[in-house]
Amino acid sequence: MCLAVPGKVLDIEERDGTRMATVDFGGVVKEVCLEYVPDLQVGEYAIVHVGFALQRLDEESARKTLALFEELGLLQEEFGDPWEAAAAPPEWEERGPGAATGAGAGAGAAPAAAVGDGVQEAGR
Amino acid sequence: MKYLDEFQNPDLARRLLDDIRSTVTRPWALMEVCGGQTHTIIRHGIDQLLPEQVELIHGPGCPVCVTPLEVIDKALEIAARPDVIFCSFGDMLRVPGSDRDLFQVRSRGGDVRVVYSPLDALKIAQQNPHREVVFFGIGFETTAPPNAMTVYQARKLGIPNFSLLVSHVRVPPAIEAIMTAPGCRVQAFLAAGHVCSVMGMGEYPELAARHRVPIVVTGFEPLDILEGIRRTVRQLERGEHTVDNAYPRAVRGEGNPAARAMLADVFEVTDRSWRGIGTIPASGWRLSERYRDYDAEYRFSVDGITTREPAACRSGEVLQGFIKPHECEAFGTLCTPRTPLGATMVSSEGACAAYYLYRRLGTTPTPQEASPVV
């Protein structure tokens, strides 16, 4: 929830006296309020948090961040189905021990199987 | 150093780490305030790549984690009412109250809906004029302006059936509380980048000077964090304690003036209780007097709730940096993301969840993996 995601403004319109935009977040399109960055234009990028643009961002930074978020699965976390996520077993349980990715997963690794067993027991 | 290959730009990461190594001469304890930063640090093993003398302490910067149990219970009570549509961000669904969570309230018939933006909740209120629509307004300075704007819009558009359950918190008083707590080991702060995108850096120089701590505004990508650490360590080694911006692409000195003006109009500063920590003076916002009609606590009279945290949960000590998650006896046994005792295990930004997900269970690492903190 604290995550703010860069997005590209596709179009802008006035709605109920409020400046609103449709914004593309790496393929996911959402409505975004521009009242806090009122001079943002179509084609520009901004950091968006819970449907509000908070700061303008340069295109290169925005693209890099979006690519990283996609790679880390954070876009899915932000825009995926929250009920599904809340109901589903944690990703590491579903995919089995050792599922977590990234340097930390390996670098700090406890024996993965032991952790997996612990999760299974606690889950029941 | 093999895990450096997983950085977006391993060469730059290596150069930053080399610079930190060549600068540091003695032990330093740095606190990263933002839960998103904690997640990145653990996910990329940044704490384990750092020289032994640099310790990262995880701060209380996860809004889901610090929302007090009493407020969660109020949310659950309101959400269970048949006349209410209760709207929330998705990461609050599994946060445990005293005896249930929002997910369970919904499965027992409560009309709980997840929204992407608070404006979506306002739209639901417009579409359901005969129901009360309540939005769960939690979060730091990044989330408060959207919620403030939504209440402002509700009044402007004359939508009477919308209200906000408010539990907003502010970072600078939390830094003050951490620095004045007995046993505090923190010597410098990596400040939360997106909070500063809104608030700017104006609140920090006085804090940095009074407590003689460097405060470096830092982003949340792996290289951002390494750069923040590099600048912090440089200041510490030189005996400096200034405010520095290592995230200029998203943070300007004055923050976002329009957002700050809206915050000043809709909210007023109040003492706020932090889950696991207790009350911190002037550390939160509540709706100001002229928006009191939109305050769900007043509208639904949810007073008189008494709460008790599970005795086994030590999340408060984790949030203040006194212990690492795996040092809690319940970690990974009684307390897992599926059966969380405290919110630090629920939220993806919580330190306990990050440690659990990335296998930081406190076992002895191999010499190559040796880390000063785990």
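What counts, and at which threshold
Residues numbered from 1 in each chain as written. Chains lettered and ligands numbered in written order. Predicted model: local features only at pLDDT ≥ 70, side-chain atom pairs only at ≥ 80, totals over all residues. Heavy atoms only, no water. Pairing = 2+ DSSP bridges. Helix = DSSP H or I, 4+ residues; strand = E, 2+ residues; numbered from the N terminus. Axes fitted to C-alpha atoms, helices over the stretch in contact; angles between N-to-C directions. Expected span 1.5 Å × (residues − 1). Buried < 20%, exposed > 50% of the residue type's maximum accessible area, 1.4 Å probe, protein only. Arc of directions from axis to C-beta. Contact = heavy atoms within 4.5 Å. Polar contact = N/O pair within 3.5 Å; in protein donor to acceptor, adjacent residues only side chain to side chain. Phe/Tyr/Trp six-rings, centres within 6.5 Å; stacked < 30°, edge-to-face > 60°. pLDDT = per-residue confidence, 0-100.

(A) Inspection of the sheet that holds strand β10 (residues 267-274) of chain B at higher detail. Residues and elements named next belong to chain B. Taken in spatial order, the six strands make up an open sheet running β4-β3-β5-β6-β11-β10, and their pairing is mixed. Sheet topology places β4 (111-114) and β10 at the edges, where each strand pairs with a single neighbour. In this sheet, adjacent strand axes meet at a mean angle of 25° when their direction is disregarded. Of the strand pairs in this sheet, β10 and strand β11 (residues 278-287) are connected by seven bridges, and their pairing is antiparallel. Within β11, the position partnered with Trp274 by the bridge is Gly278.

(B) Representation of helix α1 (residues 59-72) of chain A in the model. All names here are of chain A. Compared with an ideal rise of 1.5 Å per residue, which puts 14 residues at 20 Å, α1 spans 20 Å between its outermost C-alpha atoms and is within 8% of the ideal. All buried positions along α1 are accounted for by Ser61, Ala62, Thr65, Leu66, Leu68, Phe69 and Leu72. The buried residues of α1 occupy an angular sector of 165° when projected down its axis, which confines them to one face. Turned more than 90 degrees away from the buried face of α1 sit Glu60, Glu70 and Glu71, all of them exposed. At the exit of α1 stands Gly73, carrying a positive phi of roughly 80°.

(C) Structural detail: the environment of Gln187 of chain B. Residues and elements named next belong to chain B. Inspection of the secondary structure assignment puts Gln187 in the loop between α9 (171-180) and β7 (188-192). According to the relative accessible area criterion, Gln187 is partly exposed, its value standing at 29%. Expressed as a C-alpha distance, the spacing of Gln187 and Pro129, which sit 58 residues apart in the sequence, is 53 Å. The residues contacting Gln187, other than those within four sequence positions of it, are Pro27, Trp28, Ala29, Val213, Pro214 and Leu236. At 2.7 Å, the side chain of Gln187 forms a polar contact with the backbone nitrogen of Ala29.

(D) Here's a closer look at the packing of aromatic side chains. All names here are of chain B. A complete count under the given rule lists 10 aromatic pairs over all chains for this structure. On the basis of an interplanar angle of 65° and a centroid distance of 5.7 Å, the ring pair of Phe86 and Phe136 is categorised as edge-to-face. Here Phe136 lies in strand β5 (residues 132-139) and Phe86 lies in strand β3 (residues 84-88), a separation of 50 residues in the sequence. Accessibility expressed as a relative area gives 0% for Phe86, which makes it buried.

(E) Region of interest: the side chain of Glu32 of chain B. On the secondary structure map, Glu32 of chain B appears in strand β1 (residues 28-34). Within the local environment of Glu32 of chain B, its side chain forms a polar contact with the side chain of Thr38 of chain B, the two groups lying 2.7 Å apart.

(F) Molecular detail of the confidence of the model for chain A. When pLDDT is averaged across chain A, the result is 74; 69% of the residues are at 70 or more. The low-confidence segment residues 92-124 of chain A (pLDDT under 50) makes 66 contacts with residues lying over four places distant or belonging to another chain.

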